[in-house]
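Single-letter residue listing:
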Amino acid sequence: MNLLFIFLLVRLITTICTNAQVSDPCDVDLLQLSLNLEYLEAEFFLFGALGHGLDTVAPDLAMGGSPPIGGQAARLTPFLKDVAKQFAFQEVGHLRAIQEAVGGFPRPLLDLSAANFARIMNDAIGETLYPPFNPYANDINFLLASYLIPHVGLTGYVGSALYLNDSSIRTLAAGLLAVESGQDAVIRALLYQHALLNLHPHSITVSETTSRLSALRNRLARSAEDRDQGILQPWHMWSGGVTHGNIIAGNNDSVAFARKPAEILRIMYATGDERKPGGFLPNGANGTLAQSYLTDGMVASECSLMPPIDFYYN
């Protein structure tokens, strides 16, 4: 039994090292940080659309990681089920692309339970909703739950662009960013169609809910400014034009803003602290960069020495 364990461990380490084709350690650390979010998105959309996750669809990509908590099939219309299914397999592709480029790690423990989403929604709204928010209940709820995730990933890819050195990794990150941005735009556009409807059975509108969720992300990230925005604004200026609609988030020049690795973790942990796991990642994120925060530097990442991102929402 011990020999079998050693053999499997060596095979796992060899697979990880063989898959990693990039020599720059910061490139590896940054892209592997994103791998945690790609796992989250893949599992959420797979369960929502199909009722099962990676362990059924592509078990090799999970690399033996713990199965997610609480994932379930959502009660979706055929149209949105098809959209979620497309997103799901896009995320499976992202997992494969990152693992082939920089290696991977076992899937972190993910909390996809309705109770976890309900806690996050309560924090955003500022009160305990009753009945509790259930992301799997219907189209609108599933879209609002989806609103939480891809946008965090895309701002992380924008933030990492400054520090990626290998041209092949920059190209991969740009391609991942493009698809994450597309997903976010689809989610926001579908919510925009229902902006003035109430989040049934509560009195708050879909639009206001997106604004509260964006405000929560700003608060958790401890952002310098309120960069994250909902689908409607009191006013929004686009290169001289003024509109209330805000389907695609960006600054006054329609440029997406950046988030630092610590900000990403603060949001995904739902604790506002990159050293305190919780939220979607109850045991914390995997990879050297995420672990460097959890171990007070005992696990070192060269990316921990990065200068601050000099890009703020204007």
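Here goes a summary of the coordinates provided. Computed from a predicted model, the values in this text were never measured in an experiment.

Here we look at unusual backbone geometry
- In this structure, the amide linkage connecting Tyr130 to the following residue, Pro131, adopts the cis form with an omega of 0°.
- Tracing the sequence through the fold places Pro131 in the loop between helix H6 (114-125) and helix H7 (139-147).
- Note the cis peptide between His200 and Pro201, where omega equals 5°.
- Within the secondary structure, Pro201 is located in the loop between helix H9 (167-192) and helix H10 (206-221).
- Of note, the phi angle at Ser254 is positive, near 60°, even though the residue is not glycine.
- Secondary-structure assignment places Ser254 in the loop between strand E2 (241-245) and helix H11 (261-269).
- For Ala270, which is not glycine, the phi torsion reads 60° and is therefore positive.
- Note on placement: Ala270 falls in the loop between H11 and helix H12 (288-294).

Quick look at the pattern of salt bridges
- Here the structure, examined in full by the defined rule, presents nine salt bridges.
- Arg119 serves as the salt-bridge partner of Asp111, at 3.7 Å between the closest nitrogen and oxygen.
- Overall, Asp111 belongs to the buried group, its relative accessible area being 9%.
- Notably, a salt bridge pairs Arg217 with Asp228, separated by 2.6 Å at the nearest N-O pair. With Arg217 in helix H10 and Asp228 in the loop between H10 and strand E1 (232-238), this pair connects stretches of sequence that are 11 residues apart.
- The class of Arg217 is buried, set by a relative accessible area of 2%.
- Taken together, the shared-partner salt bridges in this structure form one network comprising Glu43, Asp55 and Arg107.

The rules we used
Residues numbered from 1 in each chain as written. Predicted model: local features only at pLDDT ≥ 70, side-chain atom pairs only at ≥ 80, totals over all residues. Heavy atoms only, no water. Helix = DSSP H or I, 4+ residues; strand = E, 2+ residues; numbered from the N terminus. Salt bridge = Lys/Arg side-chain N within 4 Å of Asp/Glu carboxyl O. Buried < 20%, exposed > 50% of the residue type's maximum accessible area, 1.4 Å probe, protein only.

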